[in-house]
Amino acid sequence: MIWQTLPVMEHSTTDSTPDVQKREAATIDRTDRRILAELQSDGRMTNQDLSERVGLSPSPCLRRLRQLEADGVISRYVALVDPEAVGFSVTAFVRIRLDQQDDRHLARFEQAIAEFPEVMECYLMTGDADYQLRVVVRSLGSFEDFLRQRLTRIPGVAGVTTSFALRPIVYRTALPV
């Protein structure tokens, strides 16, 4: 049997520097991908159920799972909560342009934005905006308060463009492993 491998890179930033540090690549084989696919569909299944679904006995399955965790391929386990069910009915995509793009200004913005629980995702971008955010709030009024009282008060923010989501069409959390 020929094993296909997929390199997986994890990166992280430290609090003291915006430099990206890369880890050594982990080798992911076909069985590991099956484990990942199953866990992405149900992260609460028992090791016994997982081992049956991927065709391994429980001990080797658990060993592989622990190795995937140790390698940082599996970074954590979470519950996915429906935003509407807990009162977060407004999703906004916000593009931010800074007045300066040097490391100091980028780090200052990133540190500030990480403190806002409304910001679900933040990406450093190429193109006409420096950052793209996905923000969830309870109402348009809540978004206005977030925008006026918090986001635009971050030093260096030169421009903000917002688009509101009408409804999700595709929303995935599982990677196509």
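Remember, predicted model here, so these are calculated numbers, not experimental data.

The rules behind the values
Residues numbered from 1 in each chain as written. Predicted model: local features only at pLDDT ≥ 70, side-chain atom pairs only at ≥ 80, totals over all residues. Heavy atoms only, no water. Helix = DSSP H or I, 4+ residues; strand = E, 2+ residues; numbered from the N terminus. Expected span 1.5 Å × (residues − 1). Buried < 20%, exposed > 50% of the residue type's maximum accessible area, 1.4 Å probe, protein only. Arc of directions from axis to C-beta. Contact = heavy atoms within 4.5 Å. Pairing = 2+ DSSP bridges. Axes fitted to C-alpha atoms, helices over the stretch in contact; angles between N-to-C directions. Core = buried A, V, L, I, M, F, W, Y, C linked by side-chain atoms within 4.5 Å. Salt bridge = Lys/Arg side-chain N within 4 Å of Asp/Glu carboxyl O. Polar contact = N/O pair within 3.5 Å; in protein donor to acceptor, adjacent residues only side chain to side chain. Lys, Arg positive; Asp, Glu negative; His and termini not counted. pLDDT = per-residue confidence, 0-100.

1. Thoughts on helix α1 (residues 30-41)
Consideration 1: Its twelve residues place the ends of α1 17 Å apart at the C-alpha level, agreeing with the 16 Å of an ideal helix rising 1.5 Å per residue.
Consideration 2: Within the span of α1, buried status applies to Thr31, Asp32, Arg33, Ile35, Leu36 and Leu39.

2. Digging into helix α3 (residues 58-70)
Consideration 1: Between its terminal C-alpha atoms α3 stretches 18 Å, which fits the 18 Å expected from 13 residues at 1.5 Å a residue.
Consideration 2: Among the residues making up α3, those that are buried are Cys61, Leu65 and Leu68. The buried residues of α3 occupy an angular sector of 60° when projected down its axis, which confines them to one face. Facing away from the buried side of α3 by more than 90 degrees, the exposed set consists of Ser59, Arg63 and Ala70.
Consideration 3: Check the buried side of α3 and you find it contacts β4 (26-28), α1 and α2 (47-54).
Consideration 4: Directly after α3, the chain includes Gly72, whose backbone phi takes a positive value near 80°.

3. Some remarks on the sheet that holds strand β6 (residues 119-124)
Pairing between sheet strands relies on hydrogen bonds along the backbone, with the strands arranged either parallel or antiparallel.
Consideration 1: Taken together, the four strands give an open sheet; going across it, the order is β6-β7-β5-β8, and neighbouring strands pair in antiparallel fashion. Each edge of the open sheet is held by one strand with a lone partner, namely β6 and β8 (157-164). The mean inter-strand angle of the sheet, taken between neighbouring strand axes irrespective of direction, is 20°.
Consideration 2: Across seven bridges, the pairing between strand β5 (residues 90-98) and β8 is antiparallel. By the bridge assignment for β8, Leu98 is matched with Val157.

4. Overview of the nonpolar core
Consideration 1: Counting residues in each nonpolar core, the largest one holds 19 residues, and the members touching the most others are Val94, Ile96, Phe109, Ile113, Leu133, Val135 and Leu151.
Consideration 2: Contributions of two or more residues to this core are made by β5, α4 (103-113), β7 (131-137) and α5 (140-149).
Consideration 3: Element by element, the count of residues in this core is highest for β5, at five residues.
Consideration 4: Leaving out residues up to four positions away in the same chain, Leu151 has contacts with Val94, Ile96, Ile113, Phe116, Leu133, Phe146, Val157 and Val160.
Consideration 5: Listed in part, the twelve residues of the second largest apolar core include Ala26, Ile28, Met45 and Cys61.

5. Brief notes about the pattern of salt bridges
Consideration 1: Counted under the stated rule, the structure contains eight salt bridges.
Consideration 2: Residue Arg66 is joined to Glu69 by a salt bridge in which the shortest nitrogen-to-oxygen separation is 3.2 Å. You can see Arg66 and its partner Glu69 sitting in helix α3, three residues apart, about one turn around the helix.
Consideration 3: Looking at Arg66, the relative accessible area reads 46%, which means it is partly exposed.
Consideration 4: A salt bridge links Glu121 to Arg134, with the shortest nitrogen-to-oxygen separation between them at 2.6 Å. Of this pair, Glu121 sits in strand β6 while Arg134 sits in strand β7, and the two are 13 residues apart along the sequence.
Consideration 5: Residue Arg134 is classed as buried on the basis of its relative accessible area of 16%.

6. Let's talk about the side chain of Asp29
Consideration 1: Among the secondary structure elements, Asp29 is positioned in the loop between β4 and α1.
Consideration 2: Of note is the side chain of Asp29, whose polar atom sits 3.1 Å from the backbone nitrogen of Thr31.

7. So, the side chain of Arg33
Consideration 1: Inspection of the secondary structure assignment puts Arg33 in helix α1.
Consideration 2: For Arg33, which is buried and forms no salt bridge, the nearest opposite charge comes from Asp29, at a distance of 6.7 Å.
Consideration 3: At 3.3 Å, the side chain of Arg33 forms a polar contact with the backbone oxygen of Val177.

8. Quick notes on the confidence of the model for the protein chain
Consideration 1: This prediction gives the protein chain a mean pLDDT of 89; 86% of its residues lie at or above 70.
Consideration 2: Residue range residues 1-23 is modelled with pLDDT below 50. Its contacts to residues more than four positions away, or to other chains, number 42 contacts.

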